[in-house]
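If you want the building blocks of each chain, they are given just below.
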Amino acid sequence: MDAISVRHLVKRYGDREVVHDVSFTGRQGETVAVLGANGAGKTTTVEILEGFRDRTAGEVTVLGTDPRDGGPHWRAQLGIVLQSTGLDAELTVAETLAFYGSLYRKPRPYAEVMESVGLTEQAKVRLGQLSGGQLRRVDLGVGIIGRPRVLFLDEPTTGFDPAARRQAWAIIEALRAEGTTVLLTTHYLEEAQRLADRVVVIADGRVVADDTPDGIAEHVGLRTEVTFRLGAAVQRSDLTGPLSGAEVDGEQATIRTAEVTRVVGALTDLARSRSAELAGLSVTPASFEEVYLRLTTHPAKENGETEVSHV
């Protein structure tokens, strides 16, 4: 079941088209990361899904409802963490979460939410006295307190230290395990790679990739590097078949491949047949940052088609 469906979405401001024929889905219990540079159109797309902005053309549904028609019952099933919020600086953390929890029929206990986001010790501290990272934790708490079926997270861990960021990731992963659909926008590529089942990359208002993090790397032609040292286990004369195309620098050989299992299997078979250790073996996947830059730097072919097809 698709909790989120976007079909041929277009958004224009006068003569300027900022979203061009965008299509993607998010299944129930799936985490989808929407990536793109500032101005790429991702925030506009997400705001249309949240019901904050109207579209020019296309079809959009969230939980089977067009956001244009979404009423209180529909909104009660959404959790939204914006880049910046207007929370009352005079309220304490506990008062803020208790208030927002009171707006839902079956909220999470606010004490449980405070513990989840790591703010139990700040329960009686006013929001105006919190650090930027602590305020983002409050925002995340407000977003999850209503037990949302769909959670929109716009740069949720900005300002977090590494420990707090990993704690937030654990919360998001737990929500996904409970069946919550999460739509995440982030500039932290490690965050997208860690959390997302699928990644949608938008450049110049168009979807240029829609796949798993590993699948995107394969589609853009980036390969995993398998490196090893020549010696008793593998000799230069063995560099045929699955090992052909190896680049050799002295005694070090490197194979760039999309068939990692086949290559590593051939290497280990040779080593076992000679009762020798395979020296210096390393397997290095393509950097997700490299994949992202490849997509967003050259998002389209000259004929106007997207560089990576939707899969």
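From a predicted model like this one, the values you see are computed outputs, not experimental measurements.

Attention now moves to the sheet that holds strand E4 (residues 57-62). Taken together, three strands build an open sheet; the order of strands is E2-E1-E4 and the sheet is antiparallel. Two strands lie at the open edges of the sheet, namely strand E2 (16-27) and E4, each paired on one side alone. With strand direction ignored, the average angle separating the axes of adjacent strands in the sheet is 15°. In this structure, strand E1 (residues 2-13) lies alongside E2, joined through eight bridges in antiparallel fashion. Its bridge partner being in E2, Ile 4 is matched across the sheet by Gly 26. Here helix H1 (residues 42-50) sits on the sheet in contact with E1, E2 and E4, set at roughly 120° to E1.

Looking now at the layout of surface pockets. Estimated volume of the largest pocket: approximately 400 Å³. In terms of lining residues, the largest pocket is bounded by 16 residues, among which Leu 78, Ile 80, Tyr 100, Tyr 104 and Val 142 are the most central. Only strand E5 (78-81) and helix H5 (132-144) provide two or more residues apiece to the lining of the largest pocket. Ranked by residue count, the leading element in the lining of the largest pocket is E5, at four residues. Residues that form the lining of the largest pocket fall into these classes: eleven nonpolar, three polar and two charged. Its boundaries defined by the atoms lining it, the second largest pocket holds a volume of some 350 Å³. Surrounding the second largest pocket, Pro 72, His 73, Arg 75, Ala 76, Gln 77, Leu 103, Tyr 104, Arg 105, Lys 106, Gly 146, Arg 147 and Arg 149 form its lining. Across the lining of the second largest pocket, the residue classes break down as four nonpolar, three polar and five charged.

Taken in spatial order, the four strands line up as E11-E12-E10-E13 in an open sheet, and their pairing is antiparallel. Two strands in the sheet have a free side with no partner beyond their single neighbour: strand E11 (247-249) and strand E13 (282-284). Going across the sheet, the axis of each strand differs from the next one's by a mean of 20°, ignoring polarity. Examined bridge by bridge, E11 and strand E12 (residues 252-257) share three bridges and lie antiparallel to one another. Bridging from a neighbouring strand, Glu 247 pairs with Thr 254 of E12. Strands strand E10 (224-229), E12 and E13 of the sheet are contacted by helix H9 (residues 260-273), whose axis makes an angle of about 10° with E10.

A separate point is the environment of Thr 257. For Thr 257, the location among the structural elements is in strand E12. Classification of Thr 257 by relative accessible area gives buried; the value is 9%. The spatial distance from the C-alpha of Thr 257 to the C-alpha of Ser 273 is 23 Å, given a sequence separation of 16 residues. A polar side-chain atom of Thr 257 sits 2.8 Å from the main-chain amide nitrogen of Glu 259.

Relative placement of two packed helices is described by the angle separating their axes and the distance separating the axes. Interhelical geometry of helix H3 (residues 93-101) versus H5 gives an angle of 20° and a closest axis separation of 9 Å. By the angle between their directions, the pair H3 and H5 is classed as roughly parallel. Crossing geometry of H3 relative to H5 is assigned as right-handed. From H3, Val 93, Thr 96, Leu 97 and Tyr 100 reach across to H5, where they touch Val 138, Gly 141 and Val 142. Taken together, the residues that form the contact of H3 with H5 break down as five nonpolar, two polar and no charged.

To continue, consider the confidence of the model for the protein chain. Close inspection of predicted coordinates is inappropriate for parts of the model with low pLDDT. On average, residues of the protein chain score 90 in pLDDT, and 94% of them are at 70 or above. Confidence over residues 300-311 falls short of pLDDT 50; this stretch has 23 contacts with residues more than four positions distant or in other chains.

Burial analysis of strand E7 (residues 181-185) places five of its five residues in the buried class, the great majority of the element. Side chains of E7 alternate between two faces, with Thr 181, Leu 183 and Thr 185 and Val 182 and Leu 184 buried alike. Where the polypeptide runs from strand E6 (residues 150-154) across helix H6 (residues 162-177) and back to E7, its parallel neighbour, the crossover connection is right-handed.

Quick look at the nonpolar core now. By size, the foremost hydrophobic cluster in this structure holds 46 residues, and its most contacted members are Leu 35, Val 93, Val 138, Leu 140, Leu 153, Val 199 and Val 201. For this core, the element with the highest residue contribution is H6, accounting for six residues. Residues within four places of Leu 35 in sequence aside, it is in contact with Lys 42, Thr 186, Leu 189, Ala 192, Val 199, Val 200, Val 201, Ile 202, Phe 288 and Tyr 292. Formed by 25 residues, the second largest nonpolar core is a distinct cluster that contains Phe 24, Val 34, Val 62 and Val 150.

Rules and cut-offs
- Residues numbered from 1 in each chain as written.
- Predicted model: local features only at pLDDT ≥ 70, side-chain atom pairs only at ≥ 80, totals over all residues.
- Heavy atoms only, no water.
- Pairing = 2+ DSSP bridges.
- Helix = DSSP H or I, 4+ residues; strand = E, 2+ residues; numbered from the N terminus.
- Axes fitted to C-alpha atoms, helices over the stretch in contact; angles between N-to-C directions.
- Contact = heavy atoms within 4.5 Å.
- 1 Å grid on protein atoms, 1.4 Å probe; cavity = no way out; pocket = protein on both sides within 12 Å on 5 of 7 lines; lining within 4 Å.
- Points joined across faces, edges and corners; volume = space filled by probe spheres on them.
- Nonpolar A, V, L, I, M, F, W, Y, C, P; charged D, E, K, R; others polar.
- Buried < 20%, exposed > 50% of the residue type's maximum accessible area, 1.4 Å probe, protein only.
- Polar contact = N/O pair within 3.5 Å; in protein donor to acceptor, adjacent residues only side chain to side chain.
- Parallel < 35°, antiparallel > 145°, perpendicular 65-115°, else oblique.
- Left-handed = near helix turned anticlockwise from the far one by under 90°.
- pLDDT = per-residue confidence, 0-100.
- Right-handed = clockwise from strand over helix to strand, strands pointing away.
- Core = buried A, V, L, I, M, F, W, Y, C linked by side-chain atoms within 4.5 Å.

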